[in-house]
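# Understanding the architecture of this molecule
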Amino acid sequence: MSVSYALQNDLGVITIDNPPVNALSHAVRSGIRDAIREAQADASTAVVIVCEGRTFVAGAQIKEFGKPPKDPWLPELLDEVEASEKPVIAAIHGTALGGGFELALASHYRIAQSDAKVGFPEVKLGLLPGAGGTQRAPRLAGVGTSLELITNGNPIDVGTANTAGLVDEIVDGDLQQAAFDFARRIVAEGAHCRKTSELPAPEADPGLCADYRKRLAQRARGQIAPQKIVDCVEAAAALPFPEGMQFEREAFMECMASPQSAGMRHMFFAEREAGKVKGLSKDTPRREVRSVGVIGGGTMGSGIAMNFATAGWPVKLLEVNDDALGRGLEIIARNYAGGVKRGKMTEEQAIETRNRIQGTTDYESLADVDLVIEAVFEDLNLKQDIFAQLDDVCKPGCILATNTSYQDVDKIASATGRPEDVIGLHFFSPAHIMKLLEVVRAGKTADDVLATCMDIAKKIRKVPVVSGVCYGFIGNRMLQHYGREANLCLIEGATPVSIDTAMEQWGMAMGPIRVFDLAGIDVGYKARQGLPVDERGDPKAYRIADAFVEMGRLGQKSGAGFYTYDPETRKQNFDEASLAVIEREAAAMGVERREIDAGEIVDRLIYALINEGFRIVEEGIAQRPSDIDVVYVYGYGFPAHRGGPMHYADAVGLKEVLARVSEFRERFGDENWTPAPLLEKLAKEGASLADWARDN
Ligand code: 3HC
Ligand code: NAI
């Protein structure tokens, strides 16, 4: 039984026990309804709702979304809870989220453990609170607080919720006993059933709502739910409660039926699935990691060191010499100072955290660490030399990781006498901010090394995705195809502005040409220079970039790349001179430029990505298609509301994807557009990737 009811002396106690997070499944909803009804008829004077396990109700059962709804619906159930003739008290521990918090708001009183949190994460699922949250919260906390809470989706601590009027009492110690005492006290005081729905409507604030609409149009570009949340909160101020509820219901149903919510719900489960390694038992032993070494304190190493220091680990940062070390430590100090400025930590915390990172230029000082992450230049020989040295100095059992972007982790491992201890930990830039971590399982990586690294990733608040060994692993391998098409569109007739605008309007966080400029176009240039000409790929896909680099335009860092950047404001411009370079290079390659519309730009870039994604799935480089979605949403700014590239392919329909890829093959040739065999197979069978993933 997921819900039980007992009359305990003078109190009715509803206990919800639906692990892991007490989600409001159909059985839980029915159980609460039956219990509330029973309480009306028995000798109880008040009703207390408590939850077993690690948390109060964390929301609706997301797996039931998209299926035919079953009675009782949550809004009706909550109306019944609120209509109780005996005071109902919600006793909150852990997290009261979404429908769980709505259950608490429909209760007459809310008492919470001091470390509990409450909030409305629905917006992260492309939804809005659909059981009165947008109507009850503003009546308790006002329009401003509710707008912030519901549109950003992040939970708040109960202290803040208490100040805002959303929680009545905070307790330390035994929550259940405190809730019983609270119930008895209010009964003794003759307190009535305080119905949130009967509170006066909040004061309207059209200016603030307009401001939110504008900000959300930027922050959550293209998303429906955030805008609808503003509509609903506005309706709370303008409409009587029942009509406000009706308004919310319609908005909720519209969001629920949208492909955006389907994409974001897919991402919720994809992220959790990605943390599970196929074939690795839960009981795989873990290695103890108490200290960490990072080699190379450049762009990546400094950020990697910060992740560990912030999470409490002592870190040794090793550089080639004191100058380089000083630069690395300086980057770290600057980043922490930035955190203080933005209010993320206090000055004291910043100093304490920074002090966990100790600089060194001596390999011997890595003798005691339990995990080393190498982040030096992208050069196989150099990395192999370093791993050979690590093999000499590091203690047995130390995990040896590389942050390489492209090098073969098996070859790096072969430089040691203990390849089973070697793994890839591929962070994304900026490493202290980006959530994604590709965990590269090399041929001989031991299970306990992999399991330990998956755990550590979560401890440093990353989303880990396992990748097999191949050039570029999952993310960068696919990105090459996306980048190639961006460059080809450019030479064939598009401009940086038309490409970036098309991709950003479609939902990418940043257009590809802007990304090239940000990352520095000299990086690819140098890599190409190291290859014989016939291994550099189609010159049409890099001639323009090379021309800019050869003019000294390396990207943002040199003040100009594909775009130019104002030295004072860093404002980005695209000028006639840049266009002239593009046109000159096109002419030199014999390309006649033509108009390319946004639809073609988006389809070429996204389908190139997807086609390679199918190969990666088929080769087993990714464990499952949804892992690729996690890589792209968390590592490459792919819009979560499209569910990642592989979910997007399913949403479009594989037949249609294949048709478009085949059309591009006819127009642009076999080399870039031969459909991946798995795409072809599934499209012909009328199957989806999700179907395939279930069986594989
Ligand atoms: N429905 C179904 N399953 C859920 C769930 C939910 N609401 N919330 C969590 N789970 C599952 C996860 O999928 C995971 O399953 P797994 O072990 O099989 O992978 C398991 O519960 C544990 O979840 P986490 O790994 O996320 O555990 P954490 O301890 O890290 O976090 C949590 C717990 C903070 C509760 C987090 O799970 C969370 O944020 N959950 C989502 C809450 C949410 O979005 N609620 C709103 C739902 S929409 C709604 O309520 C609509 C309403 O307004 C009508
Ligand atoms: P970087 O050039 O900013 O830093 C490399 C650092 O390594 C320099 O500070 C250098 O002094 C140091 N170094 C060189 N040889 C050393 C040695 N023998 N011992 C100790 N330190 C040494 O390079 P970046 O960008 O940080 O890249 C490092 C690695 O991370 C590369 O393998 C790269 O492919 C990978 N990577 C880079 C990303 C990026 O966006 N920059 C993203 C993900 C991975």
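Residues numbered from 1 in each chain as written. Chains lettered and ligands numbered in written order. Predicted model: local features only at pLDDT ≥ 70, side-chain atom pairs only at ≥ 80, totals over all residues. Heavy atoms only, no water.

### With respect to the pairing of strand β1 (residues 3-8)
Here β1 pairs with strand β2 (residues 11-16) via six bridges, running antiparallel. The partner of Tyr 5 across the bridge, within β2, is Ile 14. (Pairing = 2+ DSSP bridges. Helix = DSSP H or I, 4+ residues; strand = E, 2+ residues; numbered from the N terminus.)

### With respect to the site of ligand 2
With respect to spatial proximity, 23 residues lie near ligand 2, and among them Met 300, Glu 319, Glu 378, Lys 383 and Ser 405 are the closest. Within the contact set of ligand 2, an oxygen atom lies 2.5 Å away from a side-chain nitrogen or oxygen of Glu 378. When the free accessible area of ligand 2 is taken as 830 Å², the share hidden by the protein chains comes to 78%. Elements with a minimum of two residues in the shell around ligand 2: α11 (299-310), α14 (380-393) and β15 (422-427). A total of three residues in the shell around ligand 2 trace back to one element, the largest contributor, which is α14. Across the shell around ligand 2, the residue classes tally to 12 nonpolar, eight polar and three charged. (Near = heavy atom within 4 Å. Polar contact = N/O pair within 3.5 Å; in protein donor to acceptor, adjacent residues only side chain to side chain. Areas by Shrake-Rupley, 256 points an atom, 1.4 Å probe, with all protein chains shown as cover. Nonpolar A, V, L, I, M, F, W, Y, C, P; charged D, E, K, R; others polar.)

### A short note on the environment of Asn 476
Along the polypeptide, Asn 476 turns up in helix α17 (residues 475-492). Take Asn 476: its relative accessible area is 10%, and that puts it in the buried class. Remark: the alpha-carbon pair of Asn 476 and Tyr 636, spanning 160 residues in sequence, is separated by 9.5 Å. Ignoring sequence-local partners within four residues, the contact set of Asn 476 consists of Ser 405, Tyr 406, His 426 and Tyr 636. (Buried < 20%, exposed > 50% of the residue type's maximum accessible area, 1.4 Å probe, protein only. Contact = heavy atoms within 4.5 Å.)

### Remarks on the nonpolar core
A general trend in soluble globular proteins is that nonpolar side chains are found buried together. Residues Ile 474, Phe 562, Ile 601, Ile 606, Phe 614 and Ile 628 are the most contacted members of the largest nonpolar core, which totals 73 residues. Ranked by the residues each element gives to this core, the list is headed by helix α23 (residues 598-618), at 11 residues. Counting residues in each nonpolar core, the second largest holds 63 residues, with Ile 62, Leu 127, Leu 147 and Met 256 among its members. (Core = buried A, V, L, I, M, F, W, Y, C linked by side-chain atoms within 4.5 Å.)

### Considerations on helix α26 (residues 654-668)
With 15 residues, α26 extends 20 Å from end C-alpha to end C-alpha; this agrees with the ideal 21 Å at 1.5 Å per step. Taken residue by residue, α26 has Leu 654, Val 657, Leu 658, Arg 660, Val 661 and Phe 664 as its buried positions. An end-on view of α26 places all buried positions within 165° of arc, on one side of the element. Facing away from the buried side of α26, by more than 90 degrees, are the exposed residues Lys 655 and Glu 666. Just beyond α26, the residue with positive phi is Gly 669, at close to 105°. (Expected span 1.5 Å × (residues − 1). Arc of directions from axis to C-beta.)

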